[in-house]
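Each chain is listed here by its residues.
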Amino acid sequence: MELKLPDLRIVDTRRLVLHEESDPSRSERIAARLAEEKVLGNPPIVASVPGTSKLIVLDGANRVSAAFVLKLTALMVQVVDYADPEVRLHRWHHLLLELDGAALLESVRKIPLAIVEKTEAKTAERALSGKRVACVVRPRNGTAWRVLPRPGVSPAAVMRAVTDIYKRRTQIYRIADEQIDRLAEQTAANVTAVILFPGFRKQDIVRFALKEGEKLPPGITKHFIPNRALKVNLPLSVLRGKKTLAARNRELAALIARKSREKKIRAYPEPTVIFDE
């Protein structure tokens with residue numbers, strides 16, 4: 001069977017739009033690593049927007065921001081069809097450890113953009129299905145609090161305000177739906193709270209990307225990408241200077257052709273665990 005290669009391209013960075021905020025500290029670290037290693041290994045994942053020249057960054061916001069830190073005007077990306085059902089959108093929740101739970105909840109209740117309502121802990125996940133719910137805060141004490149935007153305020157703005165409270169004060173553990181109760185129990189002694197976020201649709205992601213002020217906080221969405229490209233290791237020199245995009249893409253094509261001739265490209269059809277990423 002012929003190997004279907006990912007759609008890799010070098011594009012103008014001005015076409016790239018984020019649907020979530022980047023983490024400035026992580027972007028700076030990635031920029032420093034790229035400058036030291038002088039290669040781009042894993043390309044950000046992007047999707048085109050019909051009717052525009054924009055490319056929505058589905059995965060790799062910090063790598064894109066690192067490119068801006070390095071003043072790159074071009075970047076290698078992997079382009080996917082967002083309408084493809086195999087490109088699946090999921091959400092993360094945030095497990096918080098070793099914070100003052102009462103202080104966290106009080107800070108959330110003081111957010112001027114938000115309305116905070118007590119809800120049943122047993123049905124906390126169900127509370128997320130309400131209209132315009134930004135998140136549910138589920139502290140260790142067994143209570144649950146639904147956080148909604150005030151009239152005229154977007155849920156994304158409230159999500160950012162909530163995550164701003166804790167994102168630089170503790171390690172955030174991203175957990176999937178099926179991990180919520182198990183991980184909370186395993187780490188019960190140190191758990192402060194679980195922050196539950198609503199699910200999103202692909203059209204929501206497009207809206208977040210294209211509408212000013214609608215970015216999600218980092219670490220809430222997760223895209224599963226079939227045939228994801230890793231370790232391309234494009235020399236950063238290809239992205240620097242004043243070369244045309246056509247010239248840069250010829251260099252990328254030559255790199256891929258060489259790797260193919262040398263049989264360095266391999267696809268793993270089964271889930272794979274990497275111990276040295």
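Preceding this section is the structure that the text describes.
Now for a look at the structure at hand. Every value quoted in this text rests on a predicted model; they were computed, and no experiment measured them.

### Side note on helix 3 (residues 101–109)
Because each turn of an α-helix spans 3.6 residues, side chains separated by three or four positions in sequence point in the same direction.
So, point 1. Those residues of helix 3 not exposed but buried are L104, L105 and V108. Taken down its axis, helix 3 places every buried residue within 95 degrees of arc, on the same side.
So, point 2. Contact partners of the buried residues in helix 3: strand 8 (93–97), strand 9 (114–119), strand 10 (135–139), strand 11 (144–149), helix 5 (155–166) and strand 13 (191–196).
So, point 3. One side-chain oxygen at the N-terminal end of helix 3 lies 3.1 Å from the backbone nitrogen of A102; it belongs to D100.

### Digging into helix 1 (residues 24–37)
So, point 1. For helix 1, which comprises 14 residues, the first-to-last C-alpha distance of 20 Å matches the rise-based estimate of 20 Å (1.5 Å per residue) to within 8%.
So, point 2. Regarding helix 1, the residues found buried are S27, I30, A31 and L34. One face of helix 1 carries all of its buried residues, which in axial projection span an arc of 105 degrees. Along helix 1, exposed side chains directed more than 90 degrees from the buried face belong to R29 and E36.
So, point 3. For helix 1, the elements touching its buried residues are strand 3 (39–40) and helix 2 (61–69).

### Considering the sheet that holds strand 1 (residues 8–12)
So, point 1. Strand order in the open sheet made by the five strands is 1-6-4-5-2, with mixed pairing throughout. The sheet is open, and its two edges are formed by strand 1 and strand 2 (16–18), each paired on a single side. The average angle at which neighbouring strand axes cross in this sheet is 50 degrees, direction not considered.
So, point 2. Pairing analysis gives four bridges linking strand 4 (residues 45–48) to strand 5 (residues 55–59), with the strands arranged antiparallel. Looking at strand 5, one finds that S48 is bridged to L55.
So, point 3. Set on the sheet, helix 8 (residues 245–261) makes contact with strand 1 and strand 6 (74–80); between it and strand 1 the angle comes to about 160 degrees.

Criteria and cut-off values
- Residues numbered from 1 in each chain as written.
- Predicted model: local features only at pLDDT ≥ 70, side-chain atom pairs only at ≥ 80, totals over all residues.
- Heavy atoms only, no water.
- Buried < 20%, exposed > 50% of the residue type's maximum accessible area, 1.4 Å probe, protein only.
- Helix = DSSP H or I, 4+ residues; strand = E, 2+ residues; numbered from the N terminus.
- Arc of directions from axis to C-beta.
- Contact = heavy atoms within 4.5 Å.
- Polar contact = N/O pair within 3.5 Å; in protein donor to acceptor, adjacent residues only side chain to side chain.
- Expected span 1.5 Å × (residues − 1).
- Pairing = 2+ DSSP bridges.
- Axes fitted to C-alpha atoms, helices over the stretch in contact; angles between N-to-C directions.

It is worth stressing that arrangement in space is one thing and function is another; only the former is reported here.
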